[in-house]
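One letter stands for each residue in the lines below.
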Amino acid sequence: MTPAKLAATVLSAARAVFETRGLDTSALPEATTVERPRNPEHGDYASTLALQLGKKAGVPPRELAAALAEELGRQPGVKSVEIAGPGFLNIRLDAAAAGVLARDIVLAGESYGHTGSLTGEKINLEFVSANPTGPVHIGGVRWAAVGDALSRLLRAAGATVGTEYYFNDAGSQIDRFAKSLYASAKGEPAPEDGYGGEYIAEIATAVQAEAPDVLKLGEPEALETFRRVGVELMFAEIKQSLTEFGVHFDTYFNEKDLHNRGELQEALDRLREQGHIFEADGATWLRTTEFGDDKDRVLRKSDGDWTYFAADCAYYLDKRKRGFDRVVIMLGADHHGYIGRMKAMSACFGDDPSKNLEILIGQLVNLVRDGEPVRMSKRAGTVVTLEDFVDALGVDATRYALARYSSDSPINLDIAVWTRATNDNPVYYVQYVAARTFNVARQAAEIGMARGDAADFRPDLLGHEKENELLKTLGEYPDVVARSAQLREPHHVARYLEEVAGAYHRFYSECRVKPQGDDPVTEVNVARLWLNDATRTVIANGLGLLGVSAPERM
RNA sequence: GCGCUCGUAGCUCAGCGGAUAGAGCAACGGACUUCUAAUCCGUCGGUCGCAGGUUCGAAUCCUGCCGGGCGCGCCA
C-alpha cells in the first residue's frame, strides 16, 4: 500500500460517508494526502481530512472523523484507525499491506518515482548562461548543479524539458575580453576595464598558436581575431568543464542569432501591436510600469542601438514561439532587480507572468576553509571557478553540496567537511547506503540466496519496527519527487535521501539480511533482501536526479 | 529612500496551515569475533529576530518594526 493509494482510499471513504449521510459531496477535494506523523504513537499515516471538511460540511470534525474512521477501518490493508485531538485520523497498516511496497519498488526499478505530475507541461529551463569571457565561476557552479538537477527532476515528473544556455559574443564585455587578450599577447598589462587572471594569458597564447601572425595584423584586425578565436576557445573550455561536471545543455543559444534573424524588431512590433510601446526623448520605450515595474524600460536607445533588455524580450518571445509554455530562468541574487521588468514584459506580450515566466533567484555561495573565505584560483585571480570546485571536492561532493540547500539560502561550504570521508559529510552518508546495499546483495548471492519469484515474496514478514520505518520512508519518494519538481526545489530530494539513509542504516544494524554464520536462509531473510534492493533502487534513483553516482563499493 | 530576500539549537541547515519544532556537526557517554564502524544507540542543547493580526490550529499566511545580504542606468 503506497501513501498515494492510502490517500485515495481515505478520499473514497469520505465520499461514502458523505453519501450515506446525505452531505454535499461538492465539499470534497479532488485529491488529498496522508502524512507521516513524527510521533510513531500516532500511527503509520495520518489524515487531516476530517478537520478540513468539518466546517464545509457543517459537521463537527470529531464526529466526521468517527464516521470516517469506521468506514476506513473496513478497508483491506488497514489495521486500525484512531481519532485523536480535534479530528486527526491515525491510521495503521497491516504488515503485509506495508510490505508489498518493497516488491513494487524493486519491480518498478528506475521508473519508481516517475510520477507524471507534470505531464503535458513544456518547460524551458535556462541556467548558467555565463558569457565566454572567463571560466564558469562560483555563482554559475551553483546553478549548474541545481539547474541540472531540476531538469532531471522535471523530466521525472513527466514534463518535457529543454535546457538552455544563453550567451552573448558580441557585447562590450566581449570587446573588453578581446582587448585583454590582445594586451596580454603584446606583453602589456590588462586594460583598466579588462579581465585579469592567468587564464587570459593562456587563452592569448592559444589564440596565437592558432593564428601565428595575429600580432602582425593592424589593431582592428588583430582584435577581431582575438575576439573570434578567443571566444571560441573560452567557450569550448566552458563546455568542457560543464561536461566533466555532468551537465549537458540541449541548446546553446547565441544572442547574435536574435539580431541576425530580426527577432528584436519582431518583438518590438509585437509589443507595439499590444499597445505598450511609446516614444520619448528620441528613444523607444516599453511601458512596463503598466504591469508593476518600477520604471519604464528603453528597448531602443536614442542612438538607434538596441538595449540588452530588448534582446531579453526577443529571447523570451523566441522561447514561447518554440512552444514552451513555461519559461524558467535561473539567476543569481545580484540580478533579482530584473524580475519586475521581466514579469512586466511577459504581461506586455499578453502572457500571464504568473504562469508563463518563472524567475528563480539563487543566493551566493562562499567556499570557506576554517571559517575563512577561500580565494584559491590560480587561473582566475580572486574568483573561484567550477574547476576549482571539482579539484577541491570532486564532482559528486560538489554537486551534492550545492544541490542540498535551498537556493534561497546563501551558503558557506567548508572544504574540510566536504572532502572528509566520514559521516560528517552528507554525500558519503548517502552514498554509503548504496555501497552497503550492493554489498549485501553480493554477499547474499555468494551463499546462493536470491529474491526469487515476486509471487513468493512474503510482505507480512517485514514487521520489525526498523523495517516498517524504512518502508514508510521509501514510500514517500514519489511524493518528494513530485513536490520538489512542482516547487522547483531539488534540495528536498537530497534531504529526503538523508532520511532514507538514516532509516536504512538503522534497519541494517538491527535486521540481518544475510543469515549469521551457518544459519539457514529463512523467508524473513529473503523478504529483507527485497527491502534491501528496494532501498538501493530509491537511493540510486534519487542520487541520479542530483547527478551524483551511487557507488557499488566504497 | 524604494524594492527583493534572509533571520529556527553553540555551528551548518531542514521543516506542504497541523499533534510535544527536527537532522547533522560540535560536547559528553556507550556498541565492532557479526552482511563494510564511512555505521548505530544514548545524554545535552530552543523566547522559531520582535510586536500585532487572520483561525479550530501559525516557524509557516498578512501588517509593522529591528538586524544581515543584494538590487535600484538610454550598461551588458
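- An unreviewed UniProt entry annotates chain A as Arginine--tRNA ligase of Paractinoplanes ovalisporus.
- UniProt lists a comment for chain A under the heading Catalytic activity (unreviewed entry), and it reads "tRNA(Arg) + L-arginine + ATP = L-arginyl-tRNA(Arg) + AMP + diphosphate".
- Turning to chain A, the UniProt annotation filed under Sequence similarities (unreviewed entry) states: "Belongs to the class-I aminoacyl-tRNA synthetase family."

## Considerations on the pattern of salt bridges
- In the structure shown here, the tally under the stated rule is 36 salt bridges.
- As a salt-bridge pair, Arg74 and Glu71 come within 2.8 Å of each other at their nearest N and O atoms.
- Using a relative accessible area of 18% as the deciding quantity, one classes Glu71 as buried.
- A salt bridge links Asp257 to Arg261; its shortest N-O distance comes to 3.8 Å.
- A residue is classified by how much of its surface remains accessible, and Arg261, at 48% relative accessible area, is partly exposed.
- A single salt-bridge network, built from bridges that share partners, covers Glu164, Asp257, Arg261, Glu263, Asp318 and Arg322.

## What to know about helix H3 (residues 61–73)
- For H3, with 13 residues, the first-to-last C-alpha span of 18 Å sits near the 18 Å given by 1.5 Å per residue.
- Those residues of H3 not exposed but buried are Leu64, Ala65, Ala67, Leu68, Ala69, Glu71 and Leu72.

## Considering the packing of aromatic side chains
- What the rule picks out here adds up to 20 aromatic pairs.
- Every member of this aromatic cluster is reached through a ring pair, and the members are Phe127, Tyr165, Phe167, Phe235, Phe249 and Tyr252.
- The cationic tip of Arg300 hangs over the ring face of Trp306; the distance from NZ or CZ to the ring centre is 4.0 Å.

## A closer look at the pairing of strand S10 (residues 326–332)
- By the criterion of burial, S10 is predominantly enclosed, with 7 of the 7 residues buried.
- Every second residue of S10 is oriented toward a common face, with Arg326, Val328, Met330 and Gly332 on one face and Val327, Ile329 and Leu331 on the other, all of them buried.
- The pairing of strand S4 (residues 122–126) with S10 spans 4 bridges and is classified as parallel. Bridge pairing in S10 places Glu126 opposite Ile329.
- Sheet topology note: the S10/strand S11 (residues 357–362) ladder contains 6 bridges and is parallel. Each residue of the ladder has a partner; that of Gly332, found in S11, is Gly362.

## Some thoughts on the layout of surface pockets
- If you add up the space inside the second largest pocket, you get close to 1000 Å³.
- Lining the second largest pocket are 30 residues, and of these Glu35, Arg36, Pro37, Glu476 and Glu499 sit closest to its centre.
- Formed jointly, the lining of the second largest pocket draws a minimum of three residues from each of two domains, domain 1 (3–93) and domain 2 (99–116 + 423–546).

Criteria and thresholds
Residues numbered from 1 in each chain as written. Chains lettered and ligands numbered in written order. Predicted model: local features only at pLDDT ≥ 70, side-chain atom pairs only at ≥ 80, totals over all residues. Heavy atoms only, no water. UniProt positions renumbered as here; feature names shortened; annotations may be inferred. Salt bridge = Lys/Arg side-chain N within 4 Å of Asp/Glu carboxyl O. Buried < 20%, exposed > 50% of the residue type's maximum accessible area, 1.4 Å probe, protein only. Helix = DSSP H or I, 4+ residues; strand = E, 2+ residues; numbered from the N terminus. Expected span 1.5 Å × (residues − 1). Phe/Tyr/Trp six-rings, centres within 6.5 Å; stacked < 30°, edge-to-face > 60°. Lys NZ or Arg CZ within 6 Å of the ring centre and 35° of its normal. Pairing = 2+ DSSP bridges. 1 Å grid on protein atoms, 1.4 Å probe; cavity = no way out; pocket = protein on both sides within 12 Å on 5 of 7 lines; lining within 4 Å. Points joined across faces, edges and corners; volume = space filled by probe spheres on them. Domains from an automatic or database assignment.

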